[in-house]
Amino acid sequence: MMRFHKACHRFSLSPLCHLSPPSPSPSASLLLPPKLSGFSTLRARRCVKAHRFSRNPFTISMSSRSASTRLRCLASVCAEDGGGGSSNGSVSVSATATEDDELALGTGYRLPPPEIRDIVDAPPVPALSFSPQRDKILFLKRRALPPLADLARPEEKLAGVRIDGYCNTRSRMSFYTGLGIHQLLPDGTLSPEKEITGIPDGGKINFVTWSNDGKHLAFSIRVDENGNSSKPVVWVADIETGVARPLFNSQDIHLNAIFESFVWIDNSTLLVSTIPSSRGDPPKKPLVPSGPKTLSNEKKNVVQVRTFQDLLKDEYDADLFDYYATSQLVLTSLDGTVKEVGEPAVYTSLDPSTDHKYLLVSSLHRPYSFIVPCGRFPKKVEVWTSDGRFVRQLCDLPLAEDIPIASNSVRKGMRSINWRADKPSTLYWAETQDGGDAKVEVSPRDIVYMQSAEPLAGEEPEVLHKLDLRYGGISWCDDTLALVYESWYKTRRTRTWVISPGSSDVSPRILFDRSSEDVYSDPGSTMLRRTAAGTYVIAKIKKENDEGTYVLLNGSGATPQGNVPFLDLFDINTGNKERIWESDKEKYFETVVALMSDQKEGDLRMEELKVLTSKESKTENTQYSLQLWPDRKVQQITNFPHPYPQLASLQKEMIRYQRKDGVQLTATLYLPPGYDPSKDGPLPCLFWSYPGEFKSKDAASQVRGSPNEFAGIGSTSALLWLARRFAILSGPTIPIIGEGDEEANDSYVEQLVASAEAAVEEVVRRGVAHPSKIAVGGHSYGAFMTANLLAHAPHLFSCGIARSGAYNRTLTPFGFQNEDRTLWEATNVYVEMSPFMSANKIKKPILLIHGEEDNNPGTLTMQSDRFFNALKGHGALCRLVVLPHESHGYSARESIMHVLWETDRWLQKYCVPNTADADTSPDQSKEGSDTADKVAAGTGGGNPEFGEHEDHYKLRRSLL
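What you are looking at is a predicted structure, and each value in this text was computed from that prediction instead of being measured.

Undergrad: Sorry, what's going on with the overall build of the protein here?
TA: A tally of regular secondary structure across the protein gives 13 helices and 56 strands. Buried positions account for 58% of the 960 residues belonging to the protein. The contacts of the protein with a sequence gap of at least 6 include a subset with a gap of at least 24, amounting to 64%. Roughly 38000 Å² of accessible area belongs to the protein as shown, and the carbon and sulfur atoms make up 50% of that amount.

Undergrad: Looking at this structure, how should I read the environment of Ala318?
TA: Locating Ala318 in the fold gives a position in helix H5 (residues 315–325). We classify Ala318 as buried; its relative accessible area is 2%. Sequence-wise, Ala318 and Ala159 are 159 residues apart; in three dimensions their C-alpha atoms are separated by 8.2 Å. Setting aside chain neighbours within four positions, we find Ala318 in contact with Leu312, Arg366 and Tyr368.

Undergrad: What exactly am I supposed to notice about the packing of aromatic side chains here?
TA: Any aromatic ring pair is given by two values, namely how distant the centres are and how the planes are angled relative to each other. In total, this model carries 20 aromatic pairs according to the counting rule given. With centroids separated by 6.3 Å and ring planes inclined at 75°, the aromatic side chains of Phe259 and Phe321 adopt a geometry described as edge-to-face. Taken together, the positions of Phe259 in the loop between strand S19 (244–246) and strand S20 (262–266) and Phe321 in helix H5 put the pair 62 residues apart, joining distant regions of the chain. You'll find Phe259 and Phe321 in the same group, each marked buried. Pairing Tyr323 with Tyr324 gives two aromatic rings, centres 5.0 Å apart and planes at 85°, and the pair type is edge-to-face. The same class applies to Tyr323 as to Tyr324, namely buried.

Undergrad: Is there a simple way to think about the nonpolar core in this case?
TA: Soluble, globular proteins show a tendency: their nonpolar side chains are buried together. Formed by 66 residues in total, the largest nonpolar core has its most connected members in Phe687, Leu789 and Phe797. The biggest single contributor to this core is helix H8 (residues 748–765), with ten residues. In contact with Phe687, other than residues within four places in its own chain, are Leu729, Pro732, Ile734, Ala756, Ala759, Ile774, Ala775, Val776, Gly777, Met785, Leu789 and Phe797. Ranked by size, the runner-up nonpolar core spans 37 residues in total, among them Ala718, Ile801, Leu847 and Trp906.

Undergrad: Hey, could you run me through the sheet that holds strand S9 (residues 156–158) in this one?
TA: The strands making up a sheet associate through backbone hydrogen bonding, with each pair oriented either parallel or antiparallel. Taking strand neighbours across the sheet as the criterion, the three strands line up as S9-S10-S11 in an open arrangement whose pairing is antiparallel. Each having just a single partner strand, S9 and strand S11 (169–170) make up the two edges of the open sheet. Bridge count between strand S10 (residues 161–164) and S11: two bridges; the pairing is antiparallel. If you follow Asp164 over to S11, its bridge partner there is Thr169. Sheet strands in contact with H5 are S9 and S10, and its direction is about 105° off that of S9.

Undergrad: Hey, could you run me through unusual backbone geometry in this one?
TA: Among all residues except glycine, the phi angle is most often negative; among peptide bonds, the trans geometry is most common. In this structure, Pro367 follows Arg366 across a cis peptide bond, with omega equal to 5°. Summarising the element assignment, Pro367 is placed in the loop between strand S24 (358–364) and strand S25 (379–385). Going from Ser443 to Pro444, the amide bond is cis rather than trans, its omega being -5°. Here Pro444 lies in the loop between strand S28 (426–432) and strand S29 (446–452). A positive phi angle, close to 55°, is found at Phe207, a residue other than glycine. The topology assignment puts Phe207 in strand S14 (residues 204–210).

Undergrad: So what exactly am I meant to see when it comes to the environment of Arg765 here?
TA: Summarising the element assignment, Arg765 is placed in helix H8. Of the polar contacts made by the side chain of Arg765, one reaches the side chain of Glu762; its length is 2.7 Å.

Undergrad: Can you walk me through a negative patch on the surface in this structure?
TA: A contiguous patch of negative charge on the surface is contributed by Asp698, Glu739, Asp741 and Glu742. Looking at the secondary structure, you find Glu739 in the loop between strand S52 (735–737) and H8.

Undergrad: Is there a simple way to explain the pairing of strand S45 (residues 623–628) in this structure?
TA: Side-chain direction in a regular strand flips from residue to residue, so the side chains alternate between the two faces of the sheet. In terms of residue burial, S45 counts as a mostly covered element, since five of its six residues are buried. Of the pairings in the sheet, the one linking strand S44 (residues 610–617) to S45 comprises six bridges and is antiparallel in character. Bridge assignment links Leu612 to a residue of S45, and that residue is Leu626. Following S44, the chain reverses through five residues before pairing antiparallel with S45. Where S45 folds back on strand S46 (residues 633–636), the antiparallel hairpin that results is connected by four residues, among which Arg632 adopts a positive phi of roughly 60°.

Undergrad: Could you clarify how one ought to interpret H8 in this entry?
TA: Since the α-helix packs 3.6 residues into each turn, any two residues three or four apart lie on the same face. In a regular helix each residue adds 1.5 Å, so 18 residues correspond to 26 Å; H8 covers 26 Å between its end C-alpha atoms and thus fits that length. Counting buried positions over the 18 residues of H8 gives 15, a clear majority of the element.

Cut-off values and rules
- Residues numbered from 1 in each chain as written.
- Predicted model: local features only at pLDDT ≥ 70, side-chain atom pairs only at ≥ 80, totals over all residues.
- Heavy atoms only, no water.
- Helix = DSSP H or I, 4+ residues; strand = E, 2+ residues; numbered from the N terminus.
- Buried < 20%, exposed > 50% of the residue type's maximum accessible area, 1.4 Å probe, protein only.
- Contact = heavy atoms within 4.5 Å.
- Areas by Shrake-Rupley, 256 points an atom, 1.4 Å probe, with all protein chains shown as cover.
- Phe/Tyr/Trp six-rings, centres within 6.5 Å; stacked < 30°, edge-to-face > 60°.
- Core = buried A, V, L, I, M, F, W, Y, C linked by side-chain atoms within 4.5 Å.
- Pairing = 2+ DSSP bridges.
- Axes fitted to C-alpha atoms, helices over the stretch in contact; angles between N-to-C directions.
- Polar contact = N/O pair within 3.5 Å; in protein donor to acceptor, adjacent residues only side chain to side chain.
- Patch = residues over 30% accessible without salt bridge, like charges linked within 9 Å, V, L, I, M, F, W, Y side chains within 5 Å.
- Salt bridge = Lys/Arg side-chain N within 4 Å of Asp/Glu carboxyl O.
- Lys, Arg positive; Asp, Glu negative; His and termini not counted.
- Charge placed at Lys NZ, Arg CZ, Asp CG, Glu CD.
- Expected span 1.5 Å × (residues − 1).

Structure representation (structure tokens):
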């Protein structure tokens, strides 16, 4: 399935069969603010209560000059919207950082300056989806930022999932507002739009899905009911007429979208996950508990888990999870015929076989857990016929609370169970041979098996391949060709095997064996073609008068000058390559998005090749075109307007510089439109980054990205401050390196400071940044970086902005990012890396921002609360803003605008004026003076010692 998303202008393009707007991760924890010094307990409680009902950001500010806490926590005032579209009585006021502090520190949601606000409020570009036949494009229209009222709706937090109980869906779901179809004409142009009609006014559209023949769309619709969204109903639209209607004749059948929604069984039949008709009211929480909550480990099992959020707390929560997650599967024809199949259960996955004769059905069941999310609950996987008849059970996996925290550790038993894309109804899966523990040395580590949906009596699964690294998936082609992937994070090794699934006498061979972090050696990935059955297989290319086996390799083309994407014709047998397409290098950045000439079965003829490409430049936003062989004719099919024309002439440069240990570093330097360093002099600068983890200095030194890519500006992007005449140093590489057996985090602070010193020295040397007007900022692990830099490199930055970070690693004792060691195994590392432990060293102004409902493992809101109290306890100039109803990322317009206002105020107050040393103690000023002088002169300075770190853990264990 081809899927493409361009965040740079909020545009996604996909020919997929199941498309819905991205939603925040469904898990979190509600934490109350800590007790506030200087307030009585009663007064503090009243303040917190007022804060919740007002839906205003909870703000605490501490000035090191006065050493007094300022708290503004008042109920909202009934007033007209301050121009920002705020809802629910919250007050939005447009104010600049030059206004009186007492006004600045007051309550209510604020608006940033118009030059920032106008960019954020620009209407979003529609998402696109190609029909299976590639002859039509569906435009999925979207609204701008959602109001806070959407996030404020009640939600249940159960087993790592956030649920809107009123509509029985995941809470905080994004949605589309309308659908329009364009015919893709032979000359590459688009026909006038045909709007899908019949959709109720204000209908919220999700789960948009093409039928395999491209004649129908299926999707769900919610409508507003008394301030809430209704339960979703499945609708279908006829592509020819453009008319939509409800799928079910009965208005009492509603979609249960907690896990699976619906799938097409054939071109006229859908299998829908519905709310059971027999379901009554939700269970009521007992007024008196039946007994204490008890957790026991009397068997002395070793169970180490990350700091997961939104877990089940008691049996009532377990009952509530069952209530909302249990579905009744229903087979429904387009004519409205309905047939219930199977018993009600917590179904999490419905996957038709390639020939649509069978279903792979996954479900969860008890006993549940109070320490891990639902993705580790007991799981049953079964094979059914497409009409709902049970065939056999593949596995019943037990509760998996004991998956080790080490990278590449997995669940025991069958995993990654899927249908072969090139066979009618053949299953394949992997099974670990090391008990799922990456620290166990064994060969093979994984075995891949294969078996038909209904095997003969006594027929055992066939061993397809054995792997010594961790299995990573298969790309299928046919019985003569498939590619098997394996990798190992600790060594960054990745291998690709060529196998012949239909010939046991043909030995597997290694096609690629390389380091995953060596981007210069990346050969690219094989392009897939769509089959008549709707699956995707490796596209074989037929050259005239040539019997070779050719595939297409689509690569990013990383080079020391930046990425130059390419398309290679690759002989799978000899390894010979022919470059048949390459991006422009001078002005544009182009990529191959998808194969468009796959309507026919069999090998694709080279002279009939057609691909979809994107094209952009530093100042021109992304447009899409068709490239047609053999004459490479180009047909542009989109003409999107520039999303922020006021910054169309911004200046962008990819810069390179060197760390003291010889590691080459890279950053993207953005300068405001019309800026001339010789006339305008150095600017205030915002340094925004996120550390990365590497195993070698050579890999860390490689260039990633292109100098010609369009400057994408998201709703909270640092690039917004180009409109405020800042220089922006975006993504300066902060490599934390652990070569060989060394652990990167053992020298995290040294490498962090060295990387920042090199970056600051470079922008000062260029004359574009004033040495005393450089602010540092980051989100999540970037916030962790920010706090550490203010603690250990105060000479570099005037102030800091840290959003949704974790600052005390002892609160994440069983690993964080990619740290596999526990607190007890690496105590010094945990302590030394924690800026909380160095709060007494932070003297520069720091702004902390956090979502009150942060559900990201490790970044509990408590992290910012406690860090602020530690800073306040040492007289630091600091400010804490807690955003009601927001999670790890921020989504409501009121919240985003307020974050931008807070950030702009902080920068205007503590970065733009040359006051870097105004609040610095004499000892600190003396300590940093030598290095500061050298940085100002562009001659270096700072700590000469270097080590290694790494830290990139994005806990990507999916819920299921």
